[in-house]
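Listed below, chain by chain, are the residues.
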Amino acid sequence: GAGGLAVTDRWSGKDYWFIIVLGTIYMFNFIDRTIISVLGEPIKRDLGLNDLQLGLMGGLAFSIFYAGLGIPLARLAERRSRVGIIASVTAIWSTMTMLCGAVANFPQMLLARMGVGVGEAGFTPALVSMISDRFEPHRRATAFSAIALGVALGGAMAALVGGMLAESIGWRWTFVAVGAPGLLLALILKLTVPEPVRKAENASLTPPFMAVLRHVGRSRGFVWLTVGSGLAALVGFGIQLFFIPLLIRKFGFDLSDAVLLFVLSISLSTGLGGITGGMIVDRLSRSDLRWYGWAPAIAMLLSSVFYLAAVFQDDWRWMTGLLFLSMLNLYAFLPSIMTVTQRLVTPRMRASAAALHSFGQIVFGLGLGSVLLGWMSDRLAEARYGGAYAAQCVGGDGPVSTACMTASADGLQQALQISALFPALAVLAYLVASRGLAGEISAMDARAGAEADPAVASGATT
């Protein structure tokens, strides 16, 4: 707490600097996480991989360590400096991203991507915990949405800069180029951003992890918001990973044109959805807290309709336009949901709660989702080709035949069509979460206030 910042209800210059620095780190966090989707096709050719392996290195290898280590690092964030934790993990994931450029085979790439996941695991729980201590409840979704704009900017930068660098210096040096800035950002964070004062500074010791699990397990709002986010993430991360390969395989785009279209559709819609959704839900929730569940449900319903229409298109213009509308709605409230879950736990549980929410979102969405899509793509492509697909179309040194490319494109598109089921299920999850959500939030806000003020806590227990 010494040297920290007191919570105010006004935006200050230091608040804006906090958002800029953490938003920039979030941008490179997402660049280093998703650059694999931009470089996937050249890596696939050079290392002789199939779509399942692409899904493994792009999703599961990263997500298992990201989600698994997120919980112990979150526990550390409830006891130690969150600024120091974020600075340290930023340096780790940046270094591991650079090492991805030195791999010689698929197992080495898996290990390097696991290292990226190890580093990035400590970022989100510590970040969300700091936001909860620095900003008042009615400003948190807006603040986190502004920082999470780095996700859209990171996707755009990964596509534009990654695609340009891949064509000029190759995919190996591209990993080095996008990983290096994180080392400087870690230093800037450590030197210029103070640790926010914890609102529960006078509270009792951090509760045991099992107590946190029991608490969130009894919270219908927390459980079903997390389920909904995981289902939504499966579609969101699937498009992030496989949209550029689909453009190249099905519509004959070269890498530079494919990444430009990715930026104008997926990255732009992600950014617009995230920042506007946070402001909208902050305003709506002032009249009725159930909007924290209703708004995501409505947006996800629209997203599922547009997504289903998009993945059945054979014209890239219609597909891209419909995906823009789908991702705009899908990402509209994902940042705000993370901040809402913070209001369903006590202050000393916040980092752990953020890690548990991320665990459901990342493991199911990025980890299992990317592997499932890759596996379905391979199986459907093999069925479309008519036999010997793996031997004739995967891992060859020569040019890919038209039949192989057609089978690969059709298999991937059909896999995305099947995944349209998941955003529809997310609608139901958010609606279930909205029931009783207002009561849960009000009760926890009152409890958090009591824990933060010993006088109030004493009066409440006498």
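Computed from a prediction, not measured in an experiment: that's the story for all the values here. (Residues numbered from 1 in each chain as written. Predicted model: local features only at pLDDT ≥ 70, side-chain atom pairs only at ≥ 80, totals over all residues. Heavy atoms only, no water.)

A. Molecular detail of empty space enclosed by the protein. Scanning the model with the defined rule gives seven cavities of 30 Å³ or more in all. Considering only enclosed or pocket space, the largest cavity measures out at about 390 Å³ in volume. As for the largest cavity, its lining consists of 28 residues, and the residues nearest its centre are Tyr26, Val151, Tyr331, Leu334 and Gln361. Listing elements by their share of the lining of the largest cavity, those giving two or more residues are helix H1 (13–47), helix H6 (137–179), helix H9 (220–251), helix H10 (255–284), helix H13 (334–342) and helix H14 (350–385). (1 Å grid on protein atoms, 1.4 Å probe; cavity = no way out; pocket = protein on both sides within 12 Å on 5 of 7 lines; lining within 4 Å. Points joined across faces, edges and corners; volume = space filled by probe spheres on them. Helix = DSSP H or I, 4+ residues; strand = E, 2+ residues; numbered from the N terminus.)

B. Structural detail: helix H11 (residues 291–310). The first and last C-alpha atoms of H11 sit 28 Å apart over 20 residues, in line with the 28 Å expected at 1.5 Å per residue. By the burial criterion, the buried members of H11 are Tyr292, Gly293, Ala295, Pro296, Ala297, Ala299, Met300, Ser303, Ser304, Tyr307 and Ala310. (Expected span 1.5 Å × (residues − 1). Buried < 20%, exposed > 50% of the residue type's maximum accessible area, 1.4 Å probe, protein only.)

C. Here's a closer look at the state of the cysteines. All chains considered together, the criterion is met by one disulfide. Through a disulfide, Cys393 is tied to Cys404; the S-S separation comes to 1.9 Å. Where Cys393 bonds to Cys404 through sulfur, the torsion about that S-S bond is close to -70 degrees, and the disulfide is left-handed. One end of the pair, Cys393, is in helix H15 (residues 389–393); the other, Cys404, is in helix H16 (residues 402–418), with 11 residues separating them in the sequence. Residue Cys393 is classed as buried on the basis of its relative accessible area of 16%. (Disulfide = S-S within 2.5 Å.)

D. Local environment of a nonpolar patch on the surface. A cluster of nonpolar side chains, contributed by Leu421, Leu425, Leu428 and Leu431, occupies part of the molecular surface with about 360 Å² of accessible area. Topologically, Leu421 is positioned in helix H17 (residues 421–434). (Patch = residues over 30% accessible without salt bridge, like charges linked within 9 Å, V, L, I, M, F, W, Y side chains within 5 Å. Areas by Shrake-Rupley, 256 points an atom, 1.4 Å probe, with all protein chains shown as cover. Salt bridge = Lys/Arg side-chain N within 4 Å of Asp/Glu carboxyl O.)

E. Up close: the packing of helix H3 (residues 82–99) against helix H5 (residues 123–134). Contact pair H3 / H5: the axes reach a minimum separation of 9 Å and the direction vectors enclose 150 degrees. One way to sum up the angle between H3 and H5 is to call them roughly antiparallel. In the packing of H3 onto H5, the handedness of the crossing is left-handed. On H5, the residues touching Arg82, Val83, Ile86, Val89 and Trp93 of H3 are Phe123, Ala126, Leu127, Ser129, Met130 and Asp133. Looking at the contact of H3 with H5 residue by residue, the classes come out as eight nonpolar, one polar and two charged. (Axes fitted to C-alpha atoms, helices over the stretch in contact; angles between N-to-C directions. Parallel < 35°, antiparallel > 145°, perpendicular 65-115°, else oblique. Left-handed = near helix turned anticlockwise from the far one by under 90°. Contact = heavy atoms within 4.5 Å. Nonpolar A, V, L, I, M, F, W, Y, C, P; charged D, E, K, R; others polar.)

F. Representation of the pattern of salt bridges in the model. All told, the structure shown has 11 salt bridges when counted by the stated rule. Arg82 serves as the salt-bridge partner of Asp133, at 2.7 Å between the closest nitrogen and oxygen. You can see Asp133 sitting in helix H5 and its partner Arg82 sitting in helix H3, a full 51 residues away along the chain. For Arg82, a relative accessible area of 0% translates into the label buried. Connected through salt bridges with shared partners, the residues Lys250, Asp314, Arg384 and Asp410 form a single ionic network.

G. The layout of surface pockets, seen in detail. Each pocket or cavity is described by its volume, and for the second largest pocket that value is around 160 Å³. The wall of the second largest pocket is formed by Trp11, His138, Arg139, Thr142, Met279, Ile280, Asp282, Arg283 and Arg286. No other element matches the four residues that H10 contributes to the lining of the second largest pocket. Tallied by class, the residues present in the lining of the second largest pocket amount to three nonpolar, two polar and four charged.

H. Structural detail: the side chain of Ser94. Looking at where Ser94 falls in the secondary structure, it is placed in helix H3. Not counting chain neighbours up to four residues away, the residues in contact with Ser94 comprise Asp32, Gly179, Gly182 and Leu183.

What is shown is where atoms sit, not what they do.
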